[in-house]
Amino acid sequence: MSLPLLFDLTGRRVVAVGGGPVAARRVASFVDEGALVEVIAPWICEDLHDLYAAGLITWLDRDWAGPRDLHGAWLVHTATGEPTVDTAVREAAQAARIWSIDATCADRTDVSVPARRAVATPDGTVTLAVSATGDPRLAVAVAEAFAATVGRGEVDLRRHRARTGPGWVALVGGGPGADALLTARALELLRAADVIVVDRLAPRSILDRLPSTVRVVDVGKAPGHHSLSQGEINDLLVAEALAGRGVVRLKGGDPYVLGRGGEERIACQAHGIPVEVVPGVTSAIAVPAAAGIPVTHRGLARAFTVVTGHDDLPALPPGSDHTLVLLMAVSTLRQSMATLVAHGREPHCPVAIIERGWLPDQRVTLGTLADIADLAVARGVENPAVIVVGDVVTLSPHAS
Ligand SMILES: C[S@@+](CC[C@H](N)C(=O)[O-])C[C@H]1O[C@@H](n2cnc3c(N)ncnc32)[C@H](O)[C@@H]1O
């Protein structure tokens, strides 16, 4: 039986006998931990040579000369490939009561080195160390599997401690609905949150993989069916944070693009609650991209405007080389298309409707300002959808 311990090697002398790749890997990790490493070997491999050239180790360019080589060492490592030498080093270390690692023999070594993986978590870096007697590959495989599991947020790392002080709110842009389009910061905060307040169009499947102790509050708004008013959502965020909880407000797309993120931030800050805003992949750009439409394209469009279809359309550039991206515009489609023609756009200006962009049942409908409303009715177009108006629509593979 062995007791796993963590050694602080900072500023401590470590002697490594042998200069091959096994020694190089271990020496590099001793150096990383701040040890003062002396390598004793008549020849050293390239990786050790790099450490030596960088001044990170000292090198005695000769064979092991006996117990006096261990003078002042806290730890000894031997991997010479010569069993008699490795045994002599180990025995000399034992006689001097210095802990030693014999990398060539798992059965006889006094100290064994576990497989290690460092994982970044919202509460700091966690080091996973795994030992599997006599089977380092198994140890590495298990360490990697655990690191990946923790990294995906599948282990509940929330500390069950008495809460002091206020909590926090993160307004997190979740992208257009596919987990793959969540940002790394979004994932980190989802792993740290006690409560997640989620929108209808935010990615959902990630929530199923979080620990069951995380409370998910669905404030999803279907058009015309507001389950909570914006004021009630603001109050909910404030109340949860004031109770000391970490709150992720998971929103579709980007919080600041037609997403009322500004209002939520102001409401929280008015109560002194720390707020982090995490940008997300906005549907205004990503959903056209899902249909193969770049919102700008050299020679076709130099600018684009994102506008809500909720309200009457304002005056917009009429040229088909200026791309218009309409969100929340399905129910007002006919009226919006007529307004654009009335404002000077050509009736044959290309239009695309992309429903449920990035989701498995994404659908694209193509037409012109003149006929898209009839096509949408015929095909039963529904929310959520992004409407793109302009010459760039012709670049969609669906157009050919
Ligand atoms: C309230 S706005 C929020 C926009 C969001 N903040 C963003 O940056 O994408 C909701 C509108 O975004 C669009 N939308 C969001 N996700 C979508 C998706 N996956 N497919 C198509 N449209 C989407 C629709 O026009 C929907 O009505």
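This part is about the site of the ligand. The ligand sits among 19 residues. The nearest are Val-257, Thr-282, Ser-283, Gly-357 and Ala-385. Interatomic distance of 2.8 Å between a backbone N/O atom of Pro-176 and a nitrogen atom of the ligand. Here an oxygen atom of the ligand sits 2.6 Å away from a polar atom, N or O, in the side chain of Ser-283. Contact with the protein chains hides 91% of the accessible area of the ligand, taken as 570 Å² for the molecule alone. Listed by contribution, the elements that provide at least two residues to the shell around the ligand are helix H9 (283-290) and strand E17 (385-389). Partitioned by chemical class, the residues of the shell around the ligand number 11 nonpolar, 6 polar and 2 charged. Taken domain by domain, the shell around the ligand gets at least three of its residues from each of domain 3 (168-281) and domain 4 (285-399).

Okay, unusual backbone geometry next. Backbone geometry follows two general trends: most residues other than glycine have a negative phi, and most peptide bonds adopt the trans configuration. Asn-383 connects to Pro-384 through a cis peptide bond whose omega is -5 degrees. In this structure, Pro-384 sits in the loop between helix H11 (372-379) and E17.

Bringing the pattern of salt bridges into the picture now. This model, assessed by the stated rule, comprises 19 salt bridges. As a salt-bridge pair, Arg-116 and Glu-33 come within 3.6 Å of each other at their nearest N and O atoms. In this pair, Arg-116 sits in strand E6 (residues 115-121) while Glu-33 sits in the loop between helix H1 (21-32) and strand E2 (36-40), placing the two residues 83 residues apart along the sequence. Taking relative accessible area as the criterion, Arg-116 reaches 38% and is therefore assigned partly exposed. Residue classification places Glu-33 among the partly exposed residues on the basis of a relative accessible area of 39%. We note a salt bridge from Asp-102 to Arg-90, for which the minimum N-O separation is 3.2 Å.

Each value, and the rule that gives it
- Within each chain, residue numbers correspond to sequence positions counted from 1 in written order.
- Totals for whole chains, interfaces and linings use every residue, but because this is a predicted model, local features are given only for residues with pLDDT of at least 70 and side-chain atom pairs only at 80 or more, for both listing and counting.
- Values reported for side chains reflect all heavy atoms of the structure, with hydrogen atoms and water molecules removed beforehand.
- Summary of the distance rule: residues count as near a molecule or strand when at least one heavy atom falls within 4 Å of that molecule or strand.
- Pairs of N or O atoms within 3.5 Å make up the polar contacts considered here, provided that, within protein, one atom can donate a hydrogen while the other can accept it, and that residues adjacent in sequence are counted only when both atoms are side-chain atoms.
- The protein chains shown are the only cover counted for residues, whose accessible areas, like all others here, come from Shrake-Rupley with a 1.4 Å probe.
- A run of DSSP states H or I qualifies as a helix once it reaches four residues; a run of E qualifies as a strand once it reaches two. Both are numbered from the N-terminal end.
- Residues are grouped as follows: nonpolar covers Ala, Val, Leu, Ile, Met, Phe, Trp, Tyr, Cys and Pro; charged covers Asp, Glu, Lys and Arg; every other residue, Gly included, is treated as polar.
- Just so you know, the domain bounds were taken from an automatic or database domain assignment.
- Salt bridge criterion: a side-chain nitrogen from Lys or Arg within 4 Å of a carboxyl oxygen from Asp or Glu.
- Classification of residues uses two cut-offs on accessible area relative to the type maximum, computed with a 1.4 Å probe and protein chains only: under 20% is buried, over 50% is exposed, and between them is partly exposed.

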